[in-house]
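Chain by chain, the residues run as shown.
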Amino acid sequence: MNTPLLAARPAVPRRSPGAANPFRGQHRRRLLTADLLTVFFWASLALAVALWLADGGAAGFSTLAGSFTALGITAGLAGMDLVLCMLLLAARIPVVDRTMGHDRALEVHRKLGKPALYLLLAHAVLIAIGYGMAEGLDPVSELVALWVLVPDMWLAVVSIGLFIAVVVTSLVAVRRRFPYEFWYAVHLLTYAAVLAALPHQFSVGALFAEGTWQRWYWLALCIATGAALLYCRVAQPLLATFRHQLTVSRVVPVAPGVVSIEMSGLHLDRLAGSGGRFFIWRFLAPGLWWHPHPFSLSAEPVTFDAGGRGSLRVTVRNLGRGSAQLASLKRGTKVAVEGPYGLFSTAARSRNQVVMIGAGIGITPIRALLESTPFQPGNATVILRGHGEAELYLGAEILELCRRRGATLFHLTGSRPAGVQTWLPESASRAGHRLASYAPQVADADVYICGPAAWARSVLHDARTAGVREDQLHCERFDW
């Protein structure tokens, strides 16, 4: 069914394309910050290679053995620099998160995994060949000699093995065979791999000898990366948990398999998600405390009194063993929290017009975004998609928000047509409808999309076909 609930635009003059855009400044600043982060990445990689060249490394290319050794050292420096960049991308550093978004940062993190591993493997092989040629040994014998004679070399070998384990388990085909908790535990080996790789870097060769600027630079880079990880991944979540003292106040059924978890706490205005940004929740109950849940707020926090007490809410669907247990949470259960993360918020806005499209449980961050993001009456379109009305979660609340704020609301229900790649129900697809049929202004709007991955890809394709630029597309992904 294709139901326009509030399809008539309010009788408010619409802004012309040349009207003042309050989001233009923040958009330009975000693009500038993205450029600076890109420059930082390439500069760090270039500087890693420059460390060796500044120490006279180019002279090593005068012989064949020296050439292999020089290439091996360069590959090792570049590979380790990529690993440190990967750790920073996964550290949830606020400036990275506000610029790239959490899912985009992790996507780049994953893409760097294979190049980093290949460079580290090349480092080991080329060093063995270069050292072996200089000493008249074959590469295997040289590796055995290094293992026996160099005290820290066994740690380097362990490090390579750990990196291989992390990269292999990160492959999609392998990752899907194991539960998230197993993959996450294996992924923590990255930190052990980095720590195991460090000793031989400072004990073998003269590049990082005591008193050299290269040594101080490399130490500073490693320490800064470790400090960022500890502060953003450990200290900040602990501080937020103790500051806000969240506890479960009640669990409210919304639909079959869907519940809203309401929590109370202190100073929750400082924990505001700014629309659909997500948090990582740990409900400190038996069997649940170790399981992280990435949920967006389904409503902005509300403050009750001058003492700072307030409440907030997440709405979750039974998508697995971990989320199924949340329906039985008891009142008073304490909650640990990390975040907010992601760019599914006003911080990503670049246009006056806004289109919000949600399906299934992906409707809940749309509801929070609709509540908080600024727009003039007539400048917002909300599209909710489900197989039936029962799957349009929080639909009554969204309807009331659209009425109050002057947004156009569409309910698109029904099954998709068989054999057709579309995000629309069969009735709309047969009628030749597209995204622009519901939001004619979409090419000049920020488009927020949240829902199942395959469905979201279809919406993104439709939006691009309608002329929406990449920097106007904001898609919340659940596969992080």
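Residues numbered from 1 in each chain as written. Predicted model: local features only at pLDDT ≥ 70, side-chain atom pairs only at ≥ 80, totals over all residues. Heavy atoms only, no water.

Draft legend 1. Highlighting the sheet that holds strand S5 (residues 293–303). Spatial ordering of the closed barrel is given by S2-S3-S6-S5-S4-S7, a layout of six strands whose pairing is antiparallel. Here the strands of the sheet are splayed against their neighbours by 40 degrees on average, with no regard to which way each runs. Contacts from helix H10 (residues 213–244) reach strand S2 (246–255), strand S3 (258–266) and strand S7 (334–341), with the element oriented near 125 degrees to S7. (Pairing = 2+ DSSP bridges. Helix = DSSP H or I, 4+ residues; strand = E, 2+ residues; numbered from the N terminus. Axes fitted to C-alpha atoms, helices over the stretch in contact; angles between N-to-C directions. Contact = heavy atoms within 4.5 Å.)

Draft legend 2. The pairing of S5, seen in detail. Most of S5 is tucked away, with eight of its 11 residues classed as buried. Pairing of strand S4 (residues 278–283) with S5 involves four bridges; the strand directions are antiparallel. Its bridge partner lying in S5, Trp281 is registered against His293. Pairing analysis gives four bridges linking S5 to strand S6 (residues 309–317), with the strands arranged antiparallel. Pairing of Ala299 across the sheet is with Arg313, part of S6. In this antiparallel pair of consecutive strands, S5 and S6, the connection spans five residues, and Gly308 shows a positive phi of 95 degrees. (Buried < 20%, exposed > 50% of the residue type's maximum accessible area, 1.4 Å probe, protein only.)

Draft legend 3. Region of the structure containing unusual backbone geometry. For the peptide bond that leads from Gly339 to Pro340, omega is 10 degrees, which places it in the cis range. The topology assignment puts Pro340 in strand S7. Positive phi is not limited to glycine here, since His267 has a value of about 50 degrees. Mapped onto the fold, His267 is located in the loop between S3 and S4. Classification of His267 by relative accessible area gives partly exposed; the value is 31%.

Draft legend 4. View of the nonpolar core. One finds Leu77, Ile93, Leu112, Phe163, Val194, Phe208 and Trp218 to be the most contacted residues of the largest nonpolar core, which totals 44 residues. At the level of elements, helix H1 (24–54), helix H2 (64–89), helix H4 (102–135), helix H6 (153–170), helix H9 (189–203) and H10 are the ones that each hand at least two residues to this core. It is H2 that provides the largest number of residues to this core, a total of 13 residues. If we skip the residues at most four places from it in the chain, Phe163 touches Val83, Leu117, Leu120, Thr190, Ala193 and Val194. Among the nonpolar cores identified, the runner-up in size contains 24 residues, and Ala439, Val442, Val447 and Ala456 belong to it. (Core = buried A, V, L, I, M, F, W, Y, C linked by side-chain atoms within 4.5 Å.)

Draft legend 5. Looking closely at the side chain of Thr422. As for its placement among the helices and strands, Thr422 is situated in the loop between strand S10 (408–413) and helix H14 (426–430). In terms of polar contacts, Thr422 uses its side chain to reach the backbone amide nitrogen of Leu424, at 3.1 Å. Other than its neighbours up to four places away in sequence, Thr422 contacts Arg416, Pro417, Ser429 and Ser458. (Polar contact = N/O pair within 3.5 Å; in protein donor to acceptor, adjacent residues only side chain to side chain.)

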